[in-house]
Amino acid sequence: MFAFIVRRITQAIIVMLVIGLLGFSIKQKIGDPVRDIVGVSVSVAERDALRDKLGLNDPFLTQYVRFIKNAVHGDLGMSFFFKRPTLEVILSKAPATLELVFASSLIIILLSIPLGIYTAINPRNLPSRIIMGGSIVGVSIPVFLTAIILIYIFAVELHWMPSFGRGETVNIWGWESGFFTLDGLKHLILPSIALSSIMLPLFIRLIRSEMMEILETEYVKFAWAKGLSRWRIWFLHAFKNTLLPVITVGGVQLGILIAYTILTETVFQWQGMGFMFLEAVERSDTSLLVAYIIVVGALFVVVNTIVDIIYGLVNPTVRITGRK
């Protein structure tokens, strides 16, 4: 098991180095840091001197190694617009995004499990057909269109919910949170529903297909033959064994959910990391763009590595397969 964990961590480090290389290459090809720092009134000689001072004339590999060393120490450069370290800017926006992802994940978990189990147990009745038909529609509609429809219905027509912003927030140990105010929760409802619409149909269909497959296995048939209660068979024997693939897919989709907040935050003017990313694009803030790519890439890698290790702990065949 120790060798398996070391191998997964090594793979994660290699992936992060590749992400760092891609981010650094983008930074080298897009924009001119000297121009962004000094403006247009500085002479060419002064620009060249500043370029030498910043090490921008060094070979590509030398600059990349220096970039990686700084990144390891938490230095991902300075934001040209905010005039602050990029990591500091991202961390200041992270609470809004993480709250949105957390609320969306709760909706996905609380709805996909009962709906997936119900459609697996009763695959042919009318409610199951409606749920599965709705899941197809949910997969087909892009998140920004779902967000616009929700705003039109619940904010414009019915006036039940606010249409943009985070609402009132409170500072909890340095964390600006909207979870602890009524206004903040009202502002959170529509964005979290819109964001959850991406993954909710996927998880309903995944739980349904996995559970239907397990309900046809021999040990479940044997449990029926023993006369066990249907609730015990459905939840203890069937649903319990659907959790491994669901956890695996869930870990991967969590990172994708964070990436998808760009569209949701833009429509709802939600001041999180995704909205910050689009602002950085508009302002050509290349340092902030690269830092965002690296931070989100690191989240993907960390989540996937943790899921792989948990999966290896739960299912020993994964570790055995990994040695081949």
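Remember, it's a predicted structure, so these values are computed and weren't measured experimentally.

About the thresholds
- Each chain has its residues counted from 1, running along the sequence as written.
- Two thresholds apply to this predicted model, a pLDDT of at least 70 for residue-level local features and 80 or more for giving and counting side-chain atom pairs, whereas whole-chain, interface and lining totals are computed over all residues.
- Side-chain measures here rest on the full set of heavy atoms in the structure, leaving out hydrogens and waters.
- In this description, a nonpolar core means a group of buried Ala, Val, Leu, Ile, Met, Phe, Trp, Tyr and Cys residues linked to one another through side-chain atoms lying within 4.5 Å.
- Exposed residues in this analysis have more than 50% of their type's maximum accessible area, buried residues have under 20%, and partly exposed residues fall in between, with area computed by a 1.4 Å probe over protein chains only.
- For helices the rule is a DSSP run of H or I covering at least 4 residues; for strands it is a run of E covering at least 2, with both sets numbered from the N terminus onward.
- Between two residues, a contact is recorded if the distance between any of their heavy atoms is within 4.5 Å.
- Interaxial angles span 0 to 180 degrees and are taken between N-to-C directions of axes, which are lines fitted to C-alpha atoms, for helices over the stretch in contact.
- Working rule for angles: under 35 degrees goes down as roughly parallel, over 145 as roughly antiparallel, 65 to 115 as roughly perpendicular, anything else as oblique.
- With the far helix as reference, a near helix turned anticlockwise by less than a right angle produces a left-handed crossing, and one turned clockwise produces a right-handed crossing.
- When residues are grouped by polarity, Ala, Val, Leu, Ile, Met, Phe, Trp, Tyr, Cys and Pro land in nonpolar, Asp, Glu, Lys and Arg in charged, and all others, Gly among them, in polar.
- A cavity here means a set of points on a 1 Å grid, drawn over the protein atoms and nothing else, where a 1.4 Å probe fits but cannot get out; a pocket is an open set with protein on both sides within 12 Å along at least five of seven lines, and a residue lines either one if it has an atom within 4 Å of a point.
- Grid points are joined across faces, edges and corners, and a volume is the space filled by probe spheres set on the points.
- One side-chain nitrogen of Lys or Arg within 4 Å of one carboxyl oxygen of Asp or Glu is enough to make a salt bridge.
- What qualifies as a polar contact is a pair of N or O atoms within 3.5 Å, subject to a donor-acceptor requirement within protein and to the restriction that residues adjacent in sequence count only when both atoms come from side chains.
- This arc corresponds to the set of directions leading from the helix axis out to the C-beta atoms.

A few points about the nonpolar core
Okay, so step 1: Core analysis: the biggest nonpolar cluster contains 31 residues, and Ile108, Leu195, Met199, Met211, Leu215 and Leu257 have the highest contact counts within it.
Okay, so step 2: Of all the elements in the fold, those that place two or more residues in this core are helix H5 (86-121), helix H8 (182-215), helix H9 (218-225), helix H10 (230-238) and helix H11 (243-268).
Okay, so step 3: Those residues in contact with Leu257, other than ones at most four positions away along the chain, are Val101, Ser104, Ser105, Ile108, Leu195 and Met199.
Okay, so step 4: Ala280, Leu289, Tyr292 and Val295 belong to the second-largest nonpolar core, a separate cluster that totals 21 residues.

Some remarks on the packing of H9 against H10
Okay, so step 1: In the contact formed by H9 and H10, the axes pass within 10 Å of each other and the chain directions differ by 155°. Compared by their axis directions, H9 and H10 come out roughly antiparallel. Seen from above, H9 lies across H10 with right-handed handedness. Residues Tyr219, Val220, Ala223 and Trp224 of H9 pack against Arg230, Ile233, Trp234 and His237 of H10.
Okay, so step 2: Partitioned by chemical class, the residues of the contact of H9 with H10 number 6 nonpolar, 1 polar and 1 charged.

Looking at the layout of surface pockets
Okay, so step 1: When its volume is computed, the second largest pocket comes out at roughly 360 Å³.
Okay, so step 2: As for the second largest pocket, its lining consists of 18 residues, of which Ile108, Ile109, Phe203, Val246 and Gly250 are closest to the centre.
Okay, so step 3: Elements with a minimum of two residues in the lining of the second largest pocket: H5, H8 and H11.
Okay, so step 4: Per-element tally for the lining of the second largest pocket: the top contributor is H11, with 8 residues.
Okay, so step 5: A per-class count over the lining of the second largest pocket returns 13 nonpolar, 5 polar and no charged.

Thoughts on the environment of Pro162
Okay, so step 1: Relative to the helices and strands, Pro162 is located in the loop between helix H7 (143-157) and strand E1 (170-172).
Okay, so step 2: By relative accessible area, Pro162 is classed as partly exposed at 23%.
Okay, so step 3: Note: C-alpha distance between Pro162 and Ile151 (11 residues apart in sequence) is 8.1 Å.
Okay, so step 4: When near neighbours in sequence (up to four residues on either side) are disregarded, Pro162 contacts Ala155, Lys186, His187 and Leu190.

Focus on unusual backbone geometry
Okay, so step 1: Phi is positive for His159, close to 60°, though the residue is something other than glycine.
Okay, so step 2: Of note, His159 is situated in the loop between H7 and E1.
Okay, so step 3: The backbone phi angle of Gln269 is positive, close to 50°, even though this residue is not glycine.
Okay, so step 4: Relative to the helices and strands, Gln269 resides in the loop between H11 and helix H12 (273-283).

With respect to the pattern of salt bridges
Okay, so step 1: Scanning all chains against the criterion turns up 2 salt bridges.
Okay, so step 2: A salt bridge links Glu88 to Arg84, with the shortest nitrogen-to-oxygen separation between them at 3.1 Å.
Okay, so step 3: You can call Glu88 partly exposed: its relative accessible area is 40%.
Okay, so step 4: Overall, Arg84 belongs to the partly exposed group, its relative accessible area being 28%.

Focus: the packing of H5 against H12
The description of two packed helices rests on the angle between their axes and on the distance between the axes.
Okay, so step 1: It is at 7 Å that the axes of H5 and H12 come closest, and there the two elements cross at 135°. Judged by the inter-axis angle, H5 sits oblique to H12. Of the residues in H12, those in contact with Val89, Ile90, Lys93, Ala94 and Thr97 of H5 are Met273, Gly274 and Met276.
Okay, so step 2: Residues that form the contact of H5 with H12 fall into these classes: 5 nonpolar, 2 polar and 1 charged.

Topic: the side chain of Ser104
Okay, so step 1: Relative to the elements of secondary structure, Ser104 occurs in helix H5.
Okay, so step 2: Accessibility expressed as a relative area gives 0% for Ser104, which makes it buried.
Okay, so step 3: Within the structure, Ser104 has its side chain in polar contact with the backbone oxygen of Ser192 (distance 3.1 Å).
Okay, so step 4: Aside from chain neighbours lying at most four places away, what touches Ser104 is Ser192, Leu195, Ser196 and Leu257.

Re H10
Okay, so step 1: Among all positions of H10, only Ile233, Trp234 and Ala238 are buried. Here the buried residues of H10 occupy an arc of 95° about the axis, which is enough to place them on one side.
Okay, so step 2: Buried positions along H10 lie against H5, H8 and H9.

The analysis is restricted to geometry; functional conclusions fall outside its scope.
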